[in-house]
Amino acid sequence: PDTVYLGEALQPAKWTIQNTAANAARGYSVDGVYFSTSPVYDTTALLIGTIARQLNIDPVSDTLVTASPLVTNVTEGDYYVYVKTDIQNHINESDKTNNTGIATQQVHVKVRPLLLHEPEYSILTGIDKYYKLTIPDSLLGSTISVKLTSMDSLTKVNEMYLGGGYIPSAAKFDYKFG
């Protein structure tokens, strides 16, 4: 897709693995899906998700792989999407330079807006939710109150992390609430 929201799945990520050798490609393999701001794959690429499976590709054949990794740990912006197959080097092959592919178009990562004075209803199911609150100039320096409520506060625990100008997490935040 051309756009994905932070904290949601990249739908769908698909790639083809091709065996151009005279021998079958068999064994355990892990592929990685990466986001990067660089048009050339390098060490700045961020791992978004992995898919592990038993690989069984006959000589001069291919297989289609589909995954839906969650998009996390990146800020809003445009990203190149790379897939690197056999990232743990389990498959014996003589040429590993052809194991990285790039999507035909960039993907734009957005953060869902949280609007002032309007409730946001959402179901939290163990997956992080991300929202962006844009403060108008007329309210700069004001106190902002954000409230997180639950229909089941006796058995469920929710946490909220707030940060200004970056994506907050349990490790980095300006404010934290349970």
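Everything numeric in this text was worked out from a predicted model, so none of it was measured.

Scoring rules and cut-offs
- Residues numbered from 1 in each chain as written.
- Predicted model: local features only at pLDDT ≥ 70, side-chain atom pairs only at ≥ 80, totals over all residues.
- Heavy atoms only, no water.
- Helix = DSSP H or I, 4+ residues; strand = E, 2+ residues; numbered from the N terminus.
- Rg over C-alpha atoms; globule rule 2.2 N^0.38 Å.
- Buried < 20%, exposed > 50% of the residue type's maximum accessible area, 1.4 Å probe, protein only.
- Contact = heavy atoms within 4.5 Å.
- Phe/Tyr/Trp six-rings, centres within 6.5 Å; stacked < 30°, edge-to-face > 60°.
- Lys NZ or Arg CZ within 6 Å of the ring centre and 35° of its normal.
- Salt bridge = Lys/Arg side-chain N within 4 Å of Asp/Glu carboxyl O.
- Core = buried A, V, L, I, M, F, W, Y, C linked by side-chain atoms within 4.5 Å.

Colleague: Outline the overall build of the chain, listing residues and values.
Modeller: The helix and strand tally for the chain stands at zero helices and twelve strands. Reading the chain from its N end, one meets helices and strands in the order β-β-β-β-β-β-β-β-β-β-β-β. The C-alpha atoms of the chain give a radius of gyration of 21 Å, which is well past the 16 Å a tight globule of 178 residues would have. With the principal axes as the frame, the chain shows a C-alpha extent of 65 × 40 × 25 Å. The burial tally for the chain puts 25% of its 178 residues in the buried class. Considering only residue pairs separated by 6 or more positions, the chain has 63% of its internal contacts joining residues 24 or more positions apart.

Colleague: Run through the side chain of S29, naming residues and quoting values.
Modeller: Residue position: S29 is located in strand β3 (residues 25–36). On the basis of relative accessible area, S29 is assigned to the buried category, the value being 0%. Those residues in contact with S29 that sit more than four places away from it in its chain are I51, A52, R53, L55, T85, D86 and I91.

Colleague: Describe the packing of aromatic side chains, and please don't skip the residues or the numbers.
Modeller: All chains considered together, the criterion is met by four aromatic pairs. Site record: aromatic cluster; members linked through ring pairs are Y34, Y41 and Y82. Lying over the aromatic face of Y5, R112 brings its terminal NZ or CZ to 3.8 Å of the ring centre. Sitting over the face of the ring of Y166, K172 holds its NZ or CZ atom 4.3 Å from the ring centroid.

Colleague: So what's going on with the pattern of salt bridges? Residues and values would help.
Modeller: What the rule picks out here adds up to six salt bridges. Across the pair R53 and D31 runs a salt bridge, and its minimum N-O distance is 2.9 Å. Here the residue R53 occupies a position in strand β4 (residues 46–57), and D31 occupies one in strand β3, the gap between them amounting to 22 residues. For R53, a relative accessible area of 17% corresponds to the buried category. Classification of D31 as buried rests on a relative accessible area of 0%. A salt bridge links K96 to D86, with the nearest nitrogen and oxygen atoms 3.3 Å apart. Taken together, the residues K96 in the loop between β6 (77–84) and β7 (100–102) and D86 in the loop between β6 and β7 connect sequence positions ten residues apart. Salt bridges sharing partners connect three or more residues here, namely D86, E93 and K96.

Colleague: So, the nonpolar core: which residues are in play, and what are the values?
Modeller: Counting 24 residues, the largest nonpolar core has L10, W15, F35, V71, V74 and V109 as its most contacted members. Mapped onto this core, the elements with two or more residues apiece are β2 (13–19), β3, β4, β5 (61–67), β6 and β8 (107–110). The contacts of V71, once residues within four sequence positions are left out, are V4, Y5, L6, G7, E8, L10, F35, I48 and V109.

Colleague: I'd like a description of the side chain of T85, backed by residues and values.
Modeller: By the element assignment, T85 lies in the loop between β6 and β7. The residues contacting T85, other than those within four sequence positions of it, are I17, S29, V30, D31, R53 and N99.

This is a description of form; function is not addressed.
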